[in-house]
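# A look at the structure
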Amino acid sequence: MPLFDGASTVSHLPAGGFDEQKTASLWDTLIQGPGQERVLDWMRMIDGRIEDLDYIAGRLRSRIALLKVKGEGRIPLRSMGDGLRRMFHIGLAMATASKGILLIDEFENGLHWRVQRELWDALGKAAKDFDVQIFATTHSRDCVSGFVSASKEQDITDSKLYRLERQENEIYAVDLALINVEAALELNGEVR
Amino acid sequence: MGTPHSLLAAHGSDSLLLVEGPSDLHAVVQLVRLVHKAEPAFVGFDCKNDDGVLDQLSLRLVQPEPTQKIVGLILDADIDGSTEKDAVQRRCEQLKNRIGADYDLPENFPEEGLIIDPRPGRRALGTLPRIGVWLMPNNKAFGMFEDLLLESLGDHEKNYTSSVVNQAKTDNVATFHPSHLSKAVVRTYMAWQEPPDLPHLSFAIRKGHFQNIETACAVFLDWLGRLFIPLTR
């Protein structure tokens with residue numbers, strides 16, 4: 001698994017997500033092709049009623065994301081839950097990282113534990129489709145568990161799990177075999 | 001039992017022996033007592049089956065601060081669907097999947113039992129344990145603990161009991177699976193001794209029913225002694 005090998009872009013999704021302006025401009029870049037629809041598919045993992053998303057002009061040249069929700073009409077994205085917003089950002093980051101590298105900080109932020117498994121499934125498929133290498137950090141056991149299950153189910157052989165361990169000023173990346181992590185989680189052991 | 005072979009004790013002890021079932025666990029502990037006239041210094045843990053043994057090993061390799069300094073594994077070389085020839089090989093592959101990232105496994109499984117230390121410099125939080133692996137009965141043949149006990153019987157006792165059990169199989173009196181032949185022979189032999197209703201291998205070992213056990217288990221006991229230092233307390 002070569003690092004940064006021939007990658008043309010490096011996208012970074014911070015722990016707190018993108019700001020509104022960045023989000024809107026990323027959405028705009030996906031106007032052509034299946035990108036926007038794919039991002040919406042990801043958001044539908046959290047809320048199946050989502051039909052569409054549009055931006056409208058707000059005050060002071062800001063732009064506001066409006067969701068079209070079945071049975072509810074148009075609702076501002078920011079008034080929906082944190083999970084949906086996080087999923088929107090992950091979807092945007094992924095769709096705009098084609099043939100590159102995507103860095104996701106604090107993967108689990110705002111995401112319900114049950115969604116994390118589905119999201120890893122989706123990201124696994126998307127990584128192949130868009131040819132993206134994903135680096136994600138987490139403190140969440142559910143995130144690790146979802147990652148391990150998705151890797152196993154999809155038979156992704158080039159997925160790796162590292163634990164960062166600090167000793168004085170050195171940080172070690174400890175390579176954990178997925179088969180061991182899976183067994184440890186099953187036995188309610190600590191892997192973090 | 002003098003030693004608490006419980007889950008709690010297993011997690012806290014720095015010397016741990018993982019086995020496939022309660023029968024093997026008590027038999028090994030009894031064997032050590034019989035030969036060394038002292039209590040084993042390791043804590044044995046019944047993992048229910050072979051996958052359980054491997055999973056408990058996995059747990060100890062990924063936990064951030066490993067508690068154990070030494071982890072021993074006793075596995076039967078009788079994986080479902082394996083043959084005489086490939087049982088040991090398949091166990092090696094299973095081991096490699098679990099420990100290959102941190103330990104250098106030898107190309108051929110050592111007949112005197114495996115004892116292996118982790119490659120250096122892999123962790124900041126703690127040191128991975130020394131690992132010992134014994135594949136019953138002798139690290140080369142297909143089988144289980146009872147095959148080792150079979151060798152502990154005198155020739156006459158072994159041959160006589162085996163022929164009777166085989167006859168029972170031929171005459172459709174015995175319904176055990178063919179792969180459990182050594183279990184059936186050992187238990188039949190136990191049923192013919194006084195008292196005939198000993199429920200566990202460990203009781204028969206303590207009673208001295210396996211006359212040549214020290215000789216037959218010498219290499220196994222040597223492996224235990226090289227792995228757990230000291231072996232008894």
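Residues numbered from 1 in each chain as written. Chains lettered and ligands numbered in written order. Predicted model: local features only at pLDDT ≥ 70, side-chain atom pairs only at ≥ 80, totals over all residues. Heavy atoms only, no water.

Helices and strands together make up the secondary structure of chain B, namely 10 helices and 5 strands. The C-alpha atoms of chain B give a radius of gyration of 18 Å, which matches the 17 Å a tight globule of 233 residues would have. If you line up chain B on its principal axes, its C-alpha atoms span 60 × 35 × 25 Å. A burial count over chain B gives 51% of its 233 residues as buried. Counting only carbon and sulfur atoms, one obtains 51% of the accessible surface of chain B, whose full area is about 10700 Å². Of note, chain B has its 23 positive side-chain charges centred 4 Å away from the centre of its 31 negative side-chain charges. (Helix = DSSP H or I, 4+ residues; strand = E, 2+ residues; numbered from the N terminus. Rg over C-alpha atoms; globule rule 2.2 N^0.38 Å. Buried < 20%, exposed > 50% of the residue type's maximum accessible area, 1.4 Å probe, protein only. Areas by Shrake-Rupley, 256 points an atom, 1.4 Å probe, with all protein chains shown as cover. Lys, Arg positive; Asp, Glu negative; His and termini not counted. Charge placed at Lys NZ, Arg CZ, Asp CG, Glu CD.)

All names here are of chain B. A surface patch of nonpolar side chains, amounting to about 300 Å² of accessible area, comprises Tyr-160, Val-164 and Trp-192. Relative to the assigned elements, Tyr-160 resides in helix α6 (residues 155-170). Judged by its relative accessible area of 47%, Tyr-160 falls in the partly exposed class. (Patch = residues over 30% accessible without salt bridge, like charges linked within 9 Å, V, L, I, M, F, W, Y side chains within 5 Å. Salt bridge = Lys/Arg side-chain N within 4 Å of Asp/Glu carboxyl O.)

Burial of nonpolar side chains together is a common tendency in soluble globular proteins. Counting residues in each nonpolar core, the largest one holds 55 residues, and the members touching the most others are Met-43, Leu-53, Leu-67, Phe-88 and Val-181 of chain A. Excluding anything up to four places from it in sequence, Leu-53 of chain A contacts Trp-27, Leu-40, Met-43, Ala-65, Leu-66, Leu-67 and Phe-88 of chain A. By size, the runner-up hydrophobic cluster in this structure holds 41 residues, among which are Ile-70, Leu-148, Met-190 and Leu-201 of chain B. (Core = buried A, V, L, I, M, F, W, Y, C linked by side-chain atoms within 4.5 Å. Contact = heavy atoms within 4.5 Å.)

To continue, consider the interface of chain B and chain A. Across the boundary between the two partners, chain B contributes 15 residues, which contact 19 residues of chain A. For chain B, the biggest contributors to the area lost against chain A are Val-62, Pro-64 and Ala-124 of chain B; these three give 36% of the whole. Counting across the interface, chain B meets chain A through 0 salt bridges. The interface formed by chain B and chain A holds 3 residue pairs in polar contact (both at pLDDT 80 or more) in total. If you list the elements that add at least two residues to the side of chain B that touches chain A, you get α3 (50-62) and α4 (87-99) of chain B. The class makeup of the residues in the side of chain B that touches chain A is 6 nonpolar, 5 polar and 4 charged. (Buried area = accessible area lost by both parts, 1.4 Å probe. Polar contact = N/O pair within 3.5 Å; in protein donor to acceptor, adjacent residues only side chain to side chain. Nonpolar A, V, L, I, M, F, W, Y, C, P; charged D, E, K, R; others polar.)

All names here are of chain B. On inspection of all chains with the given rule, the structure shows 25 salt bridges over all chains. In this structure, the salt-bridge partner of Arg-91 is Glu-20, at a minimum N-O distance of 3.8 Å. Separated by 71 residues along the polypeptide, Arg-91 in helix α4 and Glu-20 in the loop between β1 (15-19) and α2 (22-36) bring together distant segments of the chain. We note a salt bridge from Glu-39 to Arg-33, for which the minimum N-O separation is 2.7 Å.

Time to look at the sheet that holds strand β2 (residues 50-57) of chain A. Residues and elements named next belong to chain A. In space, the 3 strands of this open sheet follow the order β2-β3-β4, with antiparallel pairing throughout. Bordering the open sheet on either side are β2 and β4 (73-76), each of which pairs with just one other strand. When the angles between neighbouring strand axes are averaged without regard to direction, this sheet yields 30 degrees. Sheet topology note: the β2/strand β3 (residues 63-69) ladder contains 7 bridges and is antiparallel. Residue Ile-56 lies in a different strand from β3, and its bridge partner there is Ile-64. Helix α2 (residues 35-44) rests against β2 and β3 of the sheet, and its axis sits at about 120 degrees to β2. (Pairing = 2+ DSSP bridges. Axes fitted to C-alpha atoms, helices over the stretch in contact; angles between N-to-C directions.)

Size of an interface, as often reported, equals the accessible area lost when the parts are brought together. Residues and elements named next belong to chain B. Domain annotation of chain B identifies domain 1 (3-143 + 213-227) and domain 2 (146-206). Here domain 1 and domain 2 have C-alpha centroids that lie 26 Å from each other. For the pairing of domain 1 and domain 2, the buried interface totals around 1100 Å² over both sides, and the portion due to carbon and sulfur atoms is 70%. Considering only the surface of domain 1 that becomes buried against domain 2, Gln-30, Ile-213 and Ala-216 emerge as the three largest contributors, covering 37% of it. Linking domain 1 with domain 2 are 0 salt bridges. One can count 1 residue pair in polar contact (both at pLDDT 80 or more) joining domain 1 with domain 2. Secondary-structure elements contributing two or more residues to the side of domain 1 that touches domain 2 are α2 and α9 (213-216). Here the element with the most residues in the side of domain 1 that touches domain 2 is α2; it accounts for 6 residues. Of the residues in the side of domain 1 that touches domain 2, the class split is 9 nonpolar, 4 polar and no charged. (Domains from an automatic or database assignment.)

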